[in-house]
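Each chain is listed here by its residues.
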2 protein chains.
Amino acid sequence: MQILILGAAGMVGRKLTERLIKEGQLNGQAITRMVLHDVVEPQAPKASFEISTLTSDFSQPGEAEKLVASRPDIIFHLAAIVSGEAEADLEKGYRINLDGTRFLFDAIRHIGDGYCPRLVFTSSIAVFGAPFPEAIGDEFFLTPLTSYGTQKAIGELLLADYTRRGFFDGIGIRLPTICVRPGRPNKAASGFFSSIIREPLSGQEAVLPVPEDVRHAHASPRSAVGFLMHAANIDTAKIGPRRNLTMPSVSVTVAEQIDALRRIAGEKAAARIRREPDPDIMRMVSGWARRFDASRAESLGFQAEKSFDEIIRQHIEDELGGRIVS
Amino acid sequence: MQILILGAAGMVGRKLTERLIKEGQLNGQAITRMVLHDVVEPQAPKASFEISTLTSDFSQPGEAEKLVASRPDIIFHLAAIVSGEAEADLEKGYRINLDGTRFLFDAIRHIGDGYCPRLVFTSSIAVFGAPFPEAIGDEFFLTPLTSYGTQKAIGELLLADYTRRGFFDGIGIRLPTICVRPGRPNKAASGFFSSIIREPLSGQEAVLPVPEDVRHAHASPRSAVGFLMHAANIDTAKIGPRRNLTMPSVSVTVAEQIDALRRIAGEKAAARIRREPDPDIMRMVSGWARRFDASRAESLGFQAEKSFDEIIRQHIEDELGGRIVS
């Protein structure tokens, strides 16, 4: 069982790598080789099987071919320019998120010869844009209001068509906002959802750029990795032709996030959040989804947290060794 | 007022050209110049304004730039590889329908300098795939089951994003099956919907490859041109960010089509239809939409026929000079 991870240096990619090393197998088959790819060199942790790293820009012609030449059995495609950057740099966003994805899909197709890997693609709830119903169902249409969401929606369409044609066995999983993201903020406009929890828990001040009644859907990094593992393992015959699934999530307002922080870490932690409205972020967030009906993914066995308290506790356990600054 | 038509040599392109020449103006402004483009040389009819033709493959790098260099005020993008051919030749379909469309959009974007033409893009009901509700509403999601439908859905997404970014003022119109298509069959899998009417009306035999209970949505070539003209004229501020609209149509079964033919041309005409089931076409058609709720387009002033009888009568009037073989 050979595995390829694109975007392996990112937060989810690193956690997925750790989890795969820990499990040592996927779908009952021992992992024999894993290739970690990113545009910056990924760290290769020690493992009981062969791990190698590859650093390249997969949106350059010919690079995707090198990635799939060894015919990996499972490909996790997590590589992407995030929402804020794809909005700021139109050409870069389309080059990586659209051209890169298409080059990868075509490189798999060109191998031919019966090669048909499982391909797990991380899409995003950014494929949906307002106005929408209070809970967005599985049959709600694609109406992105950002270039990033547009590029992810196009990736979903390509994945479904290439799967239908038999070039690979694809699943697109629409990740909700991953919260609490560890480490430093990235350029995603959704970054504040994590920083208002992460920073106060470690005694730092955090900036809240939107009103507290903003509602959004979250899942922990641990759940994100769980979604990816499940997508790699699942019997795709059960999914049918609609290969892109909205993942389960916890829908809360910012006020409810702060209440959960207060319950777990106390008033002093909650007081470290400074309100500083940012019209650009407010405008982007106003077009985002608030709640999802992920019953299709749930019936296929995908699972997330049940409360935001649980999300905070996972962060404290996984990232802070159980210690918080109260 | 300068106009550019891509796909001008096709059936709808030729009829649109004739209509524009007849009207001599668009949106209250006199037409001063029209460029007709296609991969085969379009015919340039006589007109009271300058008409020129351009023949090229707009999916080749650099060609789209030549098309928009004169800064046309209105661009009709009708160029496409049809469904049957896009399914048979994956690379050609993606090259023309996706790359070509993107090159065109980027060529407009690269002009910059405040240039922001009205862009009317012909999408298709093939962006929808089964299973769906009996009537597909405006918020039903994109689930194409063909590569052609995938490519049109991607075009819609690009059009919405580039419009949102202010590069052009785009409208995508999802054409139902155009019926009765004049002339010889093209490679579209939907061709039989027209031939079972067209051939019998001129004394020829036609082949019906699907059962008579197949239901589908139709509009006449005259309506298709009407949709394009209205899309070029409409105040886009009324449309909002969801720039792709399902056009009105007449939903009938094949049996109802044949009943209408019998009412208008008699039993002898209806008897010229030979049943010859084709599993490939039946499989494709089974994934197609049957009926649409086009209330959004209707409220914006788009109009189609009210009955299939009306569609047949328009064909007899526009194509057969009022004469049929009964």
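Residues numbered from 1 in each chain as written. Chains lettered and ligands numbered in written order. Predicted model: local features only at pLDDT ≥ 70, side-chain atom pairs only at ≥ 80, totals over all residues. Heavy atoms only, no water.

### Regarding the packing of helix α8 (residues 254-265) of chain B against helix α12 (residues 308-319) of chain B
Residues and elements named next belong to chain B.
And step 1. Across the interface, α8 lies against α12 with an axial gap of 9 Å and an inter-helix angle of 55 degrees. Overall, the two elements α8 and α12 adopt an arrangement that is oblique. Of the two elements, α8 crosses α12, and the hand of that crossing is right-handed. Between α8, through Gln-257, Ala-260, Leu-261, Arg-263 and Ile-264, and α12, the contact on the second element is made entirely by Phe-308, Asp-309, Ile-312, Arg-313 and Ile-316.
And step 2. By residue class, the composition of the contact of α8 with α12 is 6 nonpolar, 1 polar and 3 charged. (Axes fitted to C-alpha atoms, helices over the stretch in contact; angles between N-to-C directions. Helix = DSSP H or I, 4+ residues; strand = E, 2+ residues; numbered from the N terminus. Parallel < 35°, antiparallel > 145°, perpendicular 65-115°, else oblique. Left-handed = near helix turned anticlockwise from the far one by under 90°. Contact = heavy atoms within 4.5 Å. Nonpolar A, V, L, I, M, F, W, Y, C, P; charged D, E, K, R; others polar.)

### Some words on the interface of chain A and chain B
And step 1. Each partner contributes residues to the interface: chain A has 35 residues there, and chain B has 35 residues.
And step 2. Overall, the association of chain A and chain B removes approximately 3,100 Å² of surface from exposure, summing both partners, and the carbon and sulfur fraction of that is 53%.
And step 3. On the chain A side of the contact with chain B, Phe-141, Leu-157 and Arg-242 of chain A bury the most area, a combined 21% of that side's loss.
And step 4. Here chain A is connected to chain B by 8 salt bridges.
And step 5. Close ionic contact of Glu-91 of chain B with Arg-109 of chain A constitutes a salt bridge, the shortest N to O distance being 2.8 Å.
And step 6. At the boundary of chain A with chain B, the tally comes to 26 residue pairs in polar contact (both at pLDDT 80 or more).
And step 7. Listing elements by their share of the side of chain A that touches chain B, those giving two or more residues are α3 (83-88), α4 (90-111) and α5 (147-164) of chain A.
And step 8. Its residues assigned to classes, the side of chain A that touches chain B shows 18 nonpolar, 6 polar and 11 charged. (Buried area = accessible area lost by both parts, 1.4 Å probe. Salt bridge = Lys/Arg side-chain N within 4 Å of Asp/Glu carboxyl O. Polar contact = N/O pair within 3.5 Å; in protein donor to acceptor, adjacent residues only side chain to side chain.)

### A closer look at helix α7 (residues 221-233) of chain A
And step 1. Compared with the 18 Å implied by 1.5 Å per residue over 13 residues, the 19 Å span of α7 of chain A between its first and last C-alpha is a close match.
And step 2. The set of residues buried in α7 of chain A consists of Pro-221, Ser-223, Ala-224, Val-225, Phe-227, Leu-228, Met-229, Ala-231 and Ala-232 of chain A. (Expected span 1.5 Å × (residues − 1). Buried < 20%, exposed > 50% of the residue type's maximum accessible area, 1.4 Å probe, protein only.)

### Side note on the pairing of strand β4 (residues 33-38) of chain A
Residues and elements named next belong to chain A.
And step 1. Counting buried residues along β4, 5 of its 6 residues qualify, which places the element largely inside the surrounding structure.
And step 2. Where strand β1 (residues 2-6) lies against β4, 5 bridges are found, and the strand directions are parallel. Bridge pairing in β4 places Leu-6 opposite His-37.
And step 3. Bridging between β4 and strand β5 (residues 50-55) involves 6 bridges; their strand directions are parallel. Paired with Arg-33 across the two strands is Glu-50, which belongs to β5. (Pairing = 2+ DSSP bridges.)

### Quick word on the sheet that holds β4 of chain A
Residues and elements named next belong to chain A.
And step 1. In spatial order, the strands read β5-β4-β1-β6-β7-β8-β12; together these 7 strands make up an open sheet with parallel pairing. The sheet terminates laterally at β5 and β12 (244-246), the two strands that pair on one side only. Averaged over all adjacent pairs, the angle separating strand axes in this sheet is 15 degrees, with direction ignored.
And step 2. Bridge count for β1 against strand β6 (residues 74-77) is 4 bridges, and the pairing is parallel. In the sheet register, Leu-4 faces β6, and the bridge partner there is Ile-75.

### Some remarks on empty space enclosed by the protein
In this approach the atoms are scanned with a rolling probe the size of a water molecule, which exposes any empty space left behind.
Residues and elements named next belong to chain B.
And step 1. This structure, assessed with the given rule, holds 3 cavities of 30 Å³ or more.
And step 2. Considered as a void within the structure, the largest cavity measures approximately 60 Å³ in volume.
And step 3. Surrounding the largest cavity, Lys-15, Val-180, Ser-220, Pro-221, Arg-222, Ile-311, Gln-314, His-315, Asp-318 and Glu-319 form its lining.
And step 4. Looking at the lining of the largest cavity, the elements that each hand over two or more residues are α7 (221-233) and α12.
And step 5. When residues of the lining of the largest cavity are assigned to their parent elements, the largest contribution, 5 residues, is made by α12.
And step 6. Each residue belonging to the lining of the largest cavity can be placed in one class, and the counts come to 3 nonpolar, 3 polar and 4 charged.
And step 7. Looking at the second largest cavity, its volume works out to about 40 Å³. (1 Å grid on protein atoms, 1.4 Å probe; cavity = no way out; pocket = protein on both sides within 12 Å on 5 of 7 lines; lining within 4 Å. Points joined across faces, edges and corners; volume = space filled by probe spheres on them.)

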